[in-house]
Amino acid sequence: MLRVAVVGSGPSGCYTAQGLVQRDPGVLVDVLDRLPCPYGLVRYGVAPDHEKIKSLQGSLRTVLEHERVRFLGGVRVGCPDGLPVERLRRLYHAVVYCVGAAGDRRLGIPGEDLPGSFPATEFVSWYSAHPDAADAGFLRGVRSAVVIGVGNVAVDATRMLVRGAAELRGTDIPQAALDALAASGLTEVYMVGRRGPAQARFTTKELRELGALPGTDVTVEKDDLALDPADPGTLPAGQRRNVEVLRDWAARSAVAAARRIRLRFFLRPVELLEAGGRVGAVRFERTAPDDRGGVTGTGRYEDLPAQLVLRSVGYRGVPLEGLPFDAVSGTVPHREGRVLRDGVPVPGEYVAGWIKRGPTGVIGTNRPCAKETVTSLLADAPALARADVPADPVAALRAAGVEPVPWRGWLAIERAEAELGARLGRGVVKLSDWDALLAAARVP
Ligand code: NAP
């Protein structure tokens, strides 16, 4: 049998494991994750109110319950307190890294680190109950928030900021986040793009959702739209639909509402301004479209009030100690999924997902991406199978001081989350700290 380790149990890891066992009956796969919980960004990135996307967990679960796939949670790889990459490599015939992009891009502007300014992903991790996420008091004293960026993460963050407790109570959002959102005095969220509506990265379905939130009005400035000379008829379908929705909203008059989302375009952030020891506003430079889909500065500035700033300008891959890394793209260099060391493909080391191609695309994009990697690995399999590896890598992991959380440990966490929800008079409610997760995982 060919023993393969897949590092990361998000969509790319699960699709890789699935491809391997479906295409070769002689493959055994261990899916390792640093968390005791599987599913990566489906559990810790997809917003709690996106229940349909979250239900994808059901199909990922089928993969992890396959008879030749084994989930091993709580195993850190390639970090100072984790299992070194070289050691893991000796335990398996092949290792596929599907570790995603756990970092954030930075704006590189003054005031970026003022209290009250956060990467949007920290806010996402908090409302998703990621055990590494701290309660940073995101909403304390906040009346107005600015979300920088117009991708789908920005849309998620904006929507979650204005969602009321009544709408979120039925989701698995952790209780502390639900309480904080319920008590929030926020009335206004600006979501701001540095380019025009036609260049926005959000998808139309996600955009439309903003217009259907109870008690919330959405405004779009006619002047922002007028700046864009593009004829929507000439745009690709997705962009055209976005512009059409935005034009519709710009044509409506504002209505009275408890909360307002203000979509703004052609504003480039240049500085976060301090007020009373925390962020008080964001200064933007007005931009103008050039003829290549980019923008140029105009030397005119506009300040938008914000006691909370969420920088939603994209994820970024994080290097794994012992694996090559391209700092410019934030990815592991590869050819058709085979890791390149000094430009040469290394048999036995592979990548799939965001660490391979960068943080783009929807969950389904990981399928073809994983398929390419699986094809490369299976082509190398005859040579890889000749290596001597331990009969059971778990014994070797234990010898290295790692006690993996098995699948039944995860099932025990699921039960604990259902019990917590029942005690709170809610459905399933996520556990949000390491101690609670690990204690639940140990319950037989
Ligand atoms: P994204 O789609 O790449 O959007 C990043 C946004 O940040 C863009 O608007 C970009 O503008 C802006 N930006 C970058 N650098 C900037 C700067 N220095 N100043 C101002 N703005 C800046 O990234 P994302 O929103 O993090 O999403 C990541 C991926 O996950 C995407 O593929 C997304 O579709 C996916 N996702 C999907 C869902 C869903 O399907 N519901 C939910 C969440 C995430 P420019 O275009 O001008 O660079």
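Definitions and limits used
Residues numbered from 1 in each chain as written. Predicted model: local features only at pLDDT ≥ 70, side-chain atom pairs only at ≥ 80, totals over all residues. Heavy atoms only, no water. Core = buried A, V, L, I, M, F, W, Y, C linked by side-chain atoms within 4.5 Å. Buried < 20%, exposed > 50% of the residue type's maximum accessible area, 1.4 Å probe, protein only. Helix = DSSP H or I, 4+ residues; strand = E, 2+ residues; numbered from the N terminus. Contact = heavy atoms within 4.5 Å. Domains from an automatic or database assignment. Buried area = accessible area lost by both parts, 1.4 Å probe. Salt bridge = Lys/Arg side-chain N within 4 Å of Asp/Glu carboxyl O. Lys, Arg positive; Asp, Glu negative; His and termini not counted. Phe/Tyr/Trp six-rings, centres within 6.5 Å; stacked < 30°, edge-to-face > 60°. Pairing = 2+ DSSP bridges. Axes fitted to C-alpha atoms, helices over the stretch in contact; angles between N-to-C directions. Parallel < 35°, antiparallel > 145°, perpendicular 65-115°, else oblique. Left-handed = near helix turned anticlockwise from the far one by under 90°. Nonpolar A, V, L, I, M, F, W, Y, C, P; charged D, E, K, R; others polar.

Novice: It is not clear to me how the nonpolar core should be interpreted in this structure. Could you clarify?
Specialist: In globular proteins that are soluble, nonpolar side chains generally tend to be buried together. In this structure, Leu161, Leu210 and Leu263 are the most contacted members of the largest nonpolar core, which totals 46 residues. Considering every element that reaches this core, the biggest residue donor is helix H7 (residues 152–162), with six residues. The residues contacting Leu263, other than those within four sequence positions of it, are Met191, Leu207, Leu210, Val218, Thr219, Val220, Glu221, Asp224, Leu246 and Trp249.

Novice: Would you explain the domain arrangement of the chain in this entry?
Specialist: Interface extent is often summarised as the accessible area lost during association of the parts. Entries for the chain in the domain assignment read domain 1 (2–102 + 317–405) and domain 2 (105–313). The distance between the C-alpha centroids of domain 1 and domain 2 comes to 33 Å. Facing the 13 residues of domain 1 at the interface are 18 residues of domain 2. Across the domain 1/domain 2 interface, buried area totals approximately 1200 Å², and carbon plus sulfur atoms make up 53% of it. Across the contact surface, domain 1 and domain 2 share three salt bridges.

Novice: Help me understand the environment of Pro214 in this model?
Specialist: The residue Pro214 is located in the loop between helix H10 (204–210) and strand E9 (216–220) in this model. Among the residues examined, Pro214 registers a relative accessible area of 48% and is labelled partly exposed. In the structure, Pro214 is positioned 43 residues away from Ala257 in sequence and 8.9 Å away in space, judged by C-alpha atoms. Once residues within four sequence positions are removed from consideration, Pro214 is found in contact with Arg163 and Glu167.

Novice: Sorry if this is basic, but what is going on with the side chain of Asp228 here?
Specialist: Along the chain, the position of Asp228 falls in the loop between helix H11 (222–226) and helix H12 (237–251). Buried Asp228, no salt bridge; nearest opposite-charge side chain is Arg247, N-O distance 6.6 Å. If we ignore the near neighbours within four places in the chain, the residues touching Asp228 are Gly196, Pro197, Ala198, Gln199 and Phe266.

Novice: Where do I start with the packing of aromatic side chains in this structure?
Specialist: Enumeration over the complete set of coordinates arrives at eight aromatic pairs. Arranged with centres 5.8 Å apart and planes meeting at 80°, the rings of Phe71 and Trp407 form a pair that is edge-to-face. One end of the pair, Phe71, is in strand E3 (residues 69–72); the other, Trp407, is in helix H16 (residues 407–423), and 336 residues separate them in sequence. The two residues Phe71 and Trp407 agree in class, both being buried. Summarising the aromatic geometry, the rings of Phe123 and Tyr127 are spaced 5.2 Å apart at their centres and angled 90° between planes, so their arrangement reads as edge-to-face. Of the two residues, Phe123 and Tyr127 are both situated in helix H6 (residues 120–127); the distance of four residues between them amounts to about one turn of the helix.

Novice: Sorry, what's going on with the sheet that holds E9 here?
Specialist: Two orientations exist for strands paired in a sheet by backbone hydrogen bonds: parallel and antiparallel. The strand order across the open sheet formed by six strands is E6-E14-E7-E8-E10-E9, and the pairing between neighbours is parallel. Of all strands in the sheet, those with a lone pairing partner are strand E6 (117–119) and E9, marking the two edges. Pairs of neighbouring strands in the sheet enclose a mean axial angle of 20°, with direction left out of account. One ladder, built from five bridges, connects E9 with strand E10 (residues 259–264); its direction is parallel. Counted as the bridge partner of Thr219 is Arg262 from E10.

Novice: Is there a simple way to think about the packing of helix H1 (residues 11–23) against helix H14 (residues 366–384) in this case?
Specialist: When two helices pack together, their arrangement is given by the angle between the helix axes and by the axis-to-axis distance. Packing of H1 against H14 brings their axes to within 8 Å, and their N-to-C directions diverge by 45°. Accordingly, the angle class assigned to the pair H1 and H14 is oblique. In this structure, H1 crosses over H14, and the sense of that crossing is right-handed. Residues Pro11, Ser12, Tyr15, Thr16, Gln18, Gly19, Leu20 and Arg23 of H1 pack against Asn366, Arg367, Ala370, Lys371, Val374, Thr375, Leu377 and Leu378 of H14. Residue composition of the contact of H1 with H14, by class: seven nonpolar, six polar and three charged.

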